[in-house]
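# Observations on the three-dimensional arrangement
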Amino acid sequence: MREIVIGGAQMGPIQKADSRAAVVARMIALLDRGADGGCDLVVFPELCLTTFFPRWMMEDQAEVDRWFEREMPNGATEPLFARARERGIAISFGYAELTPEGRHFNTSILTDRTGAIVGKYRKVHLPGHAEYDPDRAFQHLEKRYFEPGDLGFRVWRNMDAWMGMCICNDRRWPETYRVMGLQGAELITLGYNTPSVNSQMSDEGPEQRLYHSELSMKAGAYQNSAWVVGVAKAGDEDGHPLLGGSVIVDPNGFVVARAETEADELIVHACDMDACTFGKETIFDFKRHRRIEHYGRICSQTGVEHPGD
Ligand code: CDT
(Lines give C-alpha, C1' and ligand atoms only; values in the text may rest on other atoms or scores of the structure.)
Protein backbone atom coordinates (compact mmCIF):
# COMPACT_ATOMS: atom_id res chain seq x y z
CA MET A 1 0.00 0.00 0.00
CA ARG A 2 1.34 3.44 -0.97
CA GLU A 3 -1.03 5.68 0.93
CA ILE A 4 -0.93 9.46 0.58
CA VAL A 5 -3.41 11.35 2.72
CA ILE A 6 -4.52 14.23 0.49
CA GLY A 7 -6.28 17.40 1.52
CA GLY A 8 -8.20 19.39 -1.05
CA ALA A 9 -8.11 22.92 0.37
CA GLN A 10 -11.08 24.61 -1.26
CA MET A 11 -10.97 28.35 -0.79
CA GLY A 12 -13.88 30.70 -0.47
CA PRO A 13 -13.94 33.96 -2.40
CA ILE A 14 -11.07 36.44 -2.54
CA GLN A 15 -12.16 40.01 -3.12
CA LYS A 16 -10.21 42.49 -5.22
CA ALA A 17 -9.35 44.43 -2.09
CA ASP A 18 -7.98 41.42 -0.14
CA SER A 19 -4.24 41.45 0.48
CA ARG A 20 -1.89 38.56 -0.34
CA ALA A 21 -1.03 38.43 3.38
CA ALA A 22 -4.68 37.86 4.34
CA VAL A 23 -5.05 35.13 1.72
CA VAL A 24 -1.84 33.37 2.77
CA ALA A 25 -3.06 33.43 6.40
CA ARG A 26 -6.21 31.58 5.25
CA MET A 27 -4.06 29.07 3.34
CA ILE A 28 -1.93 28.47 6.43
CA ALA A 29 -5.10 27.85 8.50
CA LEU A 30 -6.21 25.25 5.91
CA LEU A 31 -2.73 23.71 5.89
CA ASP A 32 -2.78 23.42 9.68
CA ARG A 33 -6.18 21.77 9.52
CA GLY A 34 -4.70 19.33 7.01
CA ALA A 35 -1.67 18.66 9.18
CA ASP A 36 -3.87 18.05 12.23
CA GLY A 37 -5.91 15.62 10.11
CA GLY A 38 -2.84 13.66 9.02
CA CYS A 39 -2.48 15.03 5.48
CA ASP A 40 0.72 14.37 3.54
CA LEU A 41 -0.20 16.70 0.67
CA VAL A 42 -2.54 19.71 0.57
CA VAL A 43 -3.80 21.01 -2.78
CA PHE A 44 -5.00 24.62 -3.19
CA PRO A 45 -6.91 26.20 -6.13
CA GLU A 46 -5.93 27.95 -9.36
CA LEU A 47 -4.78 31.61 -8.99
CA CYS A 48 -5.35 31.23 -5.27
CA LEU A 49 -3.39 34.25 -4.05
CA THR A 50 -5.76 36.80 -5.58
CA THR A 51 -9.25 37.32 -6.88
CA PHE A 52 -9.94 35.80 -10.31
CA PHE A 53 -8.69 38.97 -12.02
CA PRO A 54 -9.25 37.82 -15.67
CA ARG A 55 -12.90 38.79 -15.22
CA TRP A 56 -11.78 42.44 -15.21
CA MET A 57 -10.84 44.30 -18.39
CA MET A 58 -7.57 46.17 -17.86
CA GLU A 59 -5.75 48.22 -20.50
CA ASP A 60 -2.83 49.29 -18.38
CA GLN A 61 -0.14 46.59 -18.20
CA ALA A 62 1.17 47.91 -14.88
CA GLU A 63 -2.29 47.36 -13.43
CA VAL A 64 -2.35 43.81 -14.86
CA ASP A 65 1.09 43.00 -13.50
CA ARG A 66 -0.01 43.78 -9.93
CA TRP A 67 -1.80 40.42 -9.95
CA PHE A 68 1.36 38.48 -10.89
CA GLU A 69 4.16 36.96 -8.80
CA ARG A 70 7.73 37.57 -9.98
CA GLU A 71 9.27 34.85 -7.79
CA MET A 72 8.07 31.77 -5.97
CA PRO A 73 8.36 31.64 -3.04
CA ASN A 74 8.27 35.39 -2.46
CA GLY A 75 7.76 37.60 0.56
CA ALA A 76 4.01 37.01 0.62
CA THR A 77 4.11 33.22 0.25
CA GLU A 78 7.25 32.43 2.28
CA PRO A 79 5.18 31.96 5.50
CA LEU A 80 3.14 29.27 3.72
CA PHE A 81 6.27 27.45 2.54
CA ALA A 82 7.77 27.76 6.04
CA ARG A 83 4.67 26.28 7.70
CA ALA A 84 4.50 23.45 5.13
CA ARG A 85 8.18 22.68 5.77
CA GLU A 86 7.70 22.81 9.55
CA ARG A 87 4.74 20.43 9.39
CA GLY A 88 6.33 18.18 6.75
CA ILE A 89 3.52 18.57 4.25
CA ALA A 90 3.80 18.81 0.47
CA ILE A 91 1.68 21.52 -1.17
CA SER A 92 0.42 22.48 -4.58
CA PHE A 93 -1.13 25.81 -5.53
CA GLY A 94 -1.79 28.08 -8.48
CA TYR A 95 -0.70 31.66 -9.11
CA ALA A 96 -0.12 34.13 -11.91
CA GLU A 97 3.55 33.96 -12.91
CA LEU A 98 5.54 36.83 -14.44
CA THR A 99 8.93 35.56 -15.57
CA PRO A 100 12.16 37.60 -15.58
CA GLU A 101 11.77 37.76 -19.40
CA GLY A 102 8.35 39.40 -19.00
CA ARG A 103 6.23 36.35 -19.90
CA HIS A 104 2.87 35.78 -18.24
CA PHE A 105 1.57 32.34 -17.33
CA ASN A 106 -1.23 30.79 -15.30
CA THR A 107 0.97 28.49 -13.23
CA SER A 108 0.89 25.88 -10.50
CA ILE A 109 3.67 24.36 -8.46
CA LEU A 110 4.14 21.17 -6.47
CA THR A 111 6.51 20.80 -3.53
CA ASP A 112 7.89 17.86 -1.62
CA ARG A 113 7.59 17.58 2.16
CA THR A 114 10.60 19.86 2.69
CA GLY A 115 8.96 22.75 0.84
CA ALA A 116 11.25 22.36 -2.19
CA ILE A 117 9.48 22.95 -5.52
CA VAL A 118 9.67 19.69 -7.46
CA GLY A 119 7.23 20.49 -10.27
CA LYS A 120 5.91 23.44 -12.21
CA TYR A 121 3.03 23.50 -14.70
CA ARG A 122 1.80 26.35 -16.90
CA LYS A 123 -1.82 26.21 -18.06
CA VAL A 124 -2.13 25.00 -21.64
CA HIS A 125 -5.87 25.36 -22.38
CA LEU A 126 -6.64 29.03 -21.80
CA PRO A 127 -10.37 29.66 -22.04
CA GLY A 128 -12.17 32.89 -22.85
CA HIS A 129 -11.08 35.70 -25.13
CA ALA A 130 -8.45 38.41 -25.59
CA GLU A 131 -10.56 41.51 -26.29
CA TYR A 132 -13.45 43.08 -24.39
CA ASP A 133 -16.64 41.26 -25.42
CA PRO A 134 -19.82 43.34 -24.93
CA ASP A 135 -22.03 40.32 -25.69
CA ARG A 136 -20.96 38.45 -22.57
CA ALA A 137 -22.61 38.96 -19.18
CA PHE A 138 -19.07 39.21 -17.77
CA GLN A 139 -15.57 38.92 -19.14
CA HIS A 140 -13.15 35.98 -19.11
CA LEU A 141 -9.88 37.48 -20.38
CA GLU A 142 -7.40 34.67 -19.79
CA LYS A 143 -6.33 34.79 -23.45
CA ARG A 144 -5.48 38.49 -22.93
CA TYR A 145 -3.43 38.19 -19.77
CA PHE A 146 -1.65 34.83 -20.21
CA GLU A 147 0.18 33.01 -22.92
CA PRO A 148 -0.37 29.26 -23.33
CA GLY A 149 1.88 27.17 -21.14
CA ASP A 150 5.18 26.03 -22.60
CA LEU A 151 6.05 23.19 -20.26
CA GLY A 152 3.61 20.51 -21.46
CA PHE A 153 1.96 17.98 -19.18
CA ARG A 154 4.76 16.46 -17.13
CA VAL A 155 4.74 14.10 -14.17
CA TRP A 156 7.15 13.98 -11.26
CA ARG A 157 8.15 11.30 -8.78
CA ASN A 158 7.13 12.69 -5.41
CA MET A 159 6.34 10.85 -2.19
CA ASP A 160 6.79 7.48 -3.91
CA ALA A 161 4.15 8.24 -6.57
CA TRP A 162 3.92 9.70 -10.08
CA MET A 163 2.21 13.08 -9.83
CA GLY A 164 1.09 15.55 -12.47
CA MET A 165 -0.80 18.83 -12.54
CA CYS A 166 -3.20 20.68 -14.78
CA ILE A 167 -5.30 23.81 -14.23
CA CYS A 168 -9.04 24.45 -14.44
CA ASN A 169 -10.13 24.42 -18.10
CA ASP A 170 -7.49 21.73 -18.79
CA ARG A 171 -9.68 19.33 -16.83
CA ARG A 172 -12.29 19.33 -19.59
CA TRP A 173 -9.86 17.97 -22.23
CA PRO A 174 -9.15 14.23 -22.40
CA GLU A 175 -5.75 14.96 -23.97
CA THR A 176 -4.64 16.54 -20.69
CA TYR A 177 -5.09 13.37 -18.68
CA ARG A 178 -3.92 11.01 -21.40
CA VAL A 179 -0.57 12.74 -21.89
CA MET A 180 0.05 12.38 -18.16
CA GLY A 181 -1.46 8.88 -18.15
CA LEU A 182 1.10 7.90 -20.79
CA GLN A 183 3.81 8.89 -18.30
CA GLY A 184 2.24 6.69 -15.63
CA ALA A 185 0.46 9.44 -13.66
CA GLU A 186 -1.07 8.06 -10.47
CA LEU A 187 -2.25 11.39 -9.10
CA ILE A 188 -3.36 14.47 -11.04
CA THR A 189 -4.04 17.63 -9.05
CA LEU A 190 -5.81 20.70 -10.34
CA GLY A 191 -7.33 23.91 -9.13
CA TYR A 192 -10.18 25.83 -10.70
CA ASN A 193 -12.07 29.14 -10.79
CA THR A 194 -15.28 28.34 -12.63
CA PRO A 195 -18.03 30.95 -12.86
CA SER A 196 -21.36 29.54 -11.61
CA VAL A 197 -23.19 30.77 -14.70
CA ASN A 198 -22.29 30.70 -18.36
CA SER A 199 -21.52 34.27 -19.51
CA GLN A 200 -22.87 33.40 -22.98
CA MET A 201 -25.95 31.38 -21.93
CA SER A 202 -27.75 32.67 -18.88
CA ASP A 203 -29.87 29.50 -18.42
CA GLU A 204 -26.75 27.43 -17.78
CA GLY A 205 -26.38 27.64 -14.05
CA PRO A 206 -24.47 25.93 -11.27
CA GLU A 207 -26.22 22.55 -11.48
CA GLN A 208 -25.13 21.84 -15.04
CA ARG A 209 -21.72 23.42 -14.53
CA LEU A 210 -21.02 21.29 -11.47
CA TYR A 211 -22.13 18.24 -13.44
CA HIS A 212 -19.70 18.98 -16.28
CA SER A 213 -16.86 19.74 -13.89
CA GLU A 214 -17.29 16.46 -12.07
CA LEU A 215 -17.98 14.46 -15.24
CA SER A 216 -14.67 15.59 -16.74
CA MET A 217 -12.65 14.72 -13.67
CA LYS A 218 -14.33 11.33 -13.20
CA ALA A 219 -13.68 10.44 -16.83
CA GLY A 220 -10.04 11.56 -16.62
CA ALA A 221 -9.51 9.49 -13.49
CA TYR A 222 -11.21 6.34 -14.77
CA GLN A 223 -9.75 6.37 -18.29
CA ASN A 224 -6.21 6.70 -16.93
CA SER A 225 -6.68 4.77 -13.70
CA ALA A 226 -5.38 7.68 -11.64
CA TRP A 227 -6.49 9.69 -8.63
CA VAL A 228 -7.76 13.17 -9.53
CA VAL A 229 -8.00 15.94 -6.96
CA GLY A 230 -9.91 19.02 -8.15
CA VAL A 231 -10.04 22.04 -5.88
CA ALA A 232 -12.18 25.13 -6.34
CA LYS A 233 -11.92 28.75 -5.47
CA ALA A 234 -15.59 29.29 -4.78
CA GLY A 235 -18.21 31.79 -3.70
CA ASP A 236 -19.00 35.37 -4.52
CA GLU A 237 -16.01 37.48 -5.61
CA ASP A 238 -17.12 41.12 -5.86
CA GLY A 239 -20.54 40.06 -7.15
CA HIS A 240 -19.26 37.26 -9.41
CA PRO A 241 -20.17 33.75 -8.17
CA LEU A 242 -17.76 30.84 -8.58
CA LEU A 243 -18.59 27.12 -8.27
CA GLY A 244 -17.54 24.98 -5.34
CA GLY A 245 -17.74 21.21 -5.73
CA SER A 246 -14.14 20.32 -4.97
CA VAL A 247 -13.67 16.57 -5.23
CA ILE A 248 -11.26 13.71 -4.76
CA VAL A 249 -11.91 11.06 -7.43
CA ASP A 250 -10.54 7.53 -7.19
CA PRO A 251 -8.97 5.59 -10.10
CA ASN A 252 -12.34 3.95 -10.81
CA GLY A 253 -13.96 7.34 -11.32
CA PHE A 254 -15.85 7.44 -8.03
CA VAL A 255 -15.98 10.60 -5.92
CA VAL A 256 -14.64 9.71 -2.47
CA ALA A 257 -14.73 13.23 -0.97
CA ARG A 258 -16.73 16.29 -1.99
CA ALA A 259 -16.90 19.83 -0.59
CA GLU A 260 -20.31 20.95 0.63
CA THR A 261 -19.81 24.69 0.94
CA GLU A 262 -18.52 27.59 -1.12
CA ALA A 263 -16.15 28.64 1.65
CA ASP A 264 -12.70 27.68 2.92
CA GLU A 265 -13.18 23.94 3.43
CA LEU A 266 -10.83 20.99 3.59
CA ILE A 267 -11.77 17.63 2.07
CA VAL A 268 -9.54 14.71 2.98
CA HIS A 269 -9.03 11.17 1.74
CA ALA A 270 -6.32 8.54 2.25
CA CYS A 271 -5.42 7.74 -1.36
CA ASP A 272 -3.66 4.44 -2.04
CA MET A 273 -1.50 4.87 -5.12
CA ASP A 274 -1.46 1.08 -5.55
CA ALA A 275 -5.19 1.30 -6.33
CA CYS A 276 -4.12 2.59 -9.76
CA THR A 277 -2.33 -0.61 -10.68
CA PHE A 278 -5.27 -2.87 -11.53
CA GLY A 279 -6.76 -0.53 -14.14
CA LYS A 280 -3.35 0.31 -15.58
CA GLU A 281 -2.58 -3.40 -16.02
CA THR A 282 -5.96 -4.50 -17.38
CA ILE A 283 -8.56 -2.46 -19.28
CA PHE A 284 -6.30 0.59 -19.56
CA ASP A 285 -3.04 -1.23 -20.21
CA PHE A 286 -2.06 1.31 -22.85
CA LYS A 287 0.80 -0.73 -24.26
CA ARG A 288 -1.45 -3.67 -25.14
CA HIS A 289 -4.62 -1.89 -26.17
CA ARG A 290 -3.96 1.58 -27.64
CA ARG A 291 -4.08 1.84 -31.46
CA ILE A 292 -1.98 4.88 -32.26
CA GLU A 293 -2.24 4.24 -36.01
CA HIS A 294 -5.80 5.64 -35.71
CA TYR A 295 -5.08 8.66 -33.51
CA GLY A 296 -3.07 10.80 -35.95
CA ARG A 297 -5.69 13.54 -36.19
CA ILE A 298 -5.37 14.26 -32.51
CA CYS A 299 -1.91 15.69 -33.08
CA SER A 300 -2.17 16.95 -36.66
CA GLN A 301 -5.50 18.80 -36.59
CA THR A 302 -6.94 21.34 -34.14
CA GLY A 303 -10.51 22.17 -35.25
CA VAL A 304 -13.20 20.09 -36.94
CA GLU A 305 -12.73 19.23 -40.63
CA HIS A 306 -15.53 17.33 -42.32
CA PRO A 307 -14.48 14.76 -44.92
CA GLY A 308 -14.18 16.59 -48.25
CA ASP A 309 -13.69 20.06 -46.73
N1 CDT B 1 -10.41 29.36 -14.94
C2 CDT B 1 -10.97 28.64 -15.93
O3 CDT B 1 -10.27 28.03 -16.72
N4 CDT B 1 -12.30 28.65 -16.00
C5 CDT B 1 -13.02 28.01 -17.07
C6 CDT B 1 -14.23 28.79 -17.38
C7 CDT B 1 -14.59 28.61 -18.77
S8 CDT B 1 -15.78 29.76 -19.28
C9 CDT B 1 -14.91 30.89 -20.23
C10 CDT B 1 -13.39 26.57 -16.79
O11 CDT B 1 -13.24 25.75 -17.70
O12 CDT B 1 -13.90 26.25 -15.72
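Residues numbered from 1 in each chain as written. Predicted model: local features only at pLDDT ≥ 70, side-chain atom pairs only at ≥ 80, totals over all residues. Heavy atoms only, no water.

Let's shift gears to the site of the ligand. The ligand sits among E46, F52, K123, P127, H140, E142, C168, N169, R171, R172, N193 and T194. At a separation of 2.7 Å, an oxygen atom of the ligand approaches a polar side-chain atom of R172. A distance of 2.6 Å separates an oxygen atom of the ligand from a polar side-chain atom of T194. Within the complex, the protein chains bury 88% of what would otherwise be the 370 Å² of accessible surface of the ligand. (Near = heavy atom within 4 Å. Polar contact = N/O pair within 3.5 Å; in protein donor to acceptor, adjacent residues only side chain to side chain. Areas by Shrake-Rupley, 256 points an atom, 1.4 Å probe, with all protein chains shown as cover.)

Quick look at the UniProt feature "domain: CN hydrolase" (unreviewed entry) in the protein now. UniProt tags residues 4–275 as "domain: CN hydrolase" (unreviewed entry). Strand forms 28% of residues 4–275 and helix 23%; the C-alpha atoms that close the span are 12 Å apart. (UniProt positions renumbered as here; feature names shortened; annotations may be inferred. Helix = DSSP H or I, 4+ residues; strand = E, 2+ residues; numbered from the N terminus.)

Here the focus is the sheet that holds strand β6 (residues 155–158). Read across the open sheet, the six strands follow the order β6-β7-β8-β9-β12-β13; overall the sheet is mixed. Strands at the two margins of the open sheet, each flanked by one partner only, are β6 and β13 (255–258). The mean angle between the axes of side-by-side strands here comes to 20°, regardless of whether they run parallel or antiparallel. Pairing analysis gives six bridges linking strand β8 (residues 187–192) to strand β9 (residues 227–232), with the strands arranged parallel. Residue pairing across strands places Y192 opposite A232, the latter belonging to β9. (Pairing = 2+ DSSP bridges. Axes fitted to C-alpha atoms, helices over the stretch in contact; angles between N-to-C directions.)

Before going further, it helps to spend a moment on the packing of aromatic side chains. Evaluated as defined, the whole model comprises nine aromatic pairs. For the pair F53 and W67, a centre-to-centre distance of 5.8 Å together with 10° between the ring planes defines the contact as stacked. One end of the pair, F53, is in the loop between β2 (41–43) and α2 (61–65); the other, W67, is in the loop between α2 and α3 (78–87), with 14 residues separating them in the sequence. Three or more aromatic residues joined by ring pairs form one cluster here, namely F53, W67, F68, Y145 and F146. Positioned over the ring face of F286 is R290, at 5.9 Å from the centre of the ring. (Phe/Tyr/Trp six-rings, centres within 6.5 Å; stacked < 30°, edge-to-face > 60°. Lys NZ or Arg CZ within 6 Å of the ring centre and 35° of its normal.)

Burial runs high along β9: six of the six residues are buried. What you see with β9 is no split at all: W227, V229 and V231 on one side and V228, G230 and A232 on the other are buried throughout. As for the winding sense of the linkage, the β-α-β connection from β8 through helix α6 (residues 206–224) to β9 is right-handed. Bridging between β9 and strand β12 (residues 247–249) involves three bridges; their strand directions are antiparallel. Bridge pairing in β12 places G230 opposite V247. (Buried < 20%, exposed > 50% of the residue type's maximum accessible area, 1.4 Å probe, protein only. Right-handed = clockwise from strand over helix to strand, strands pointing away.)

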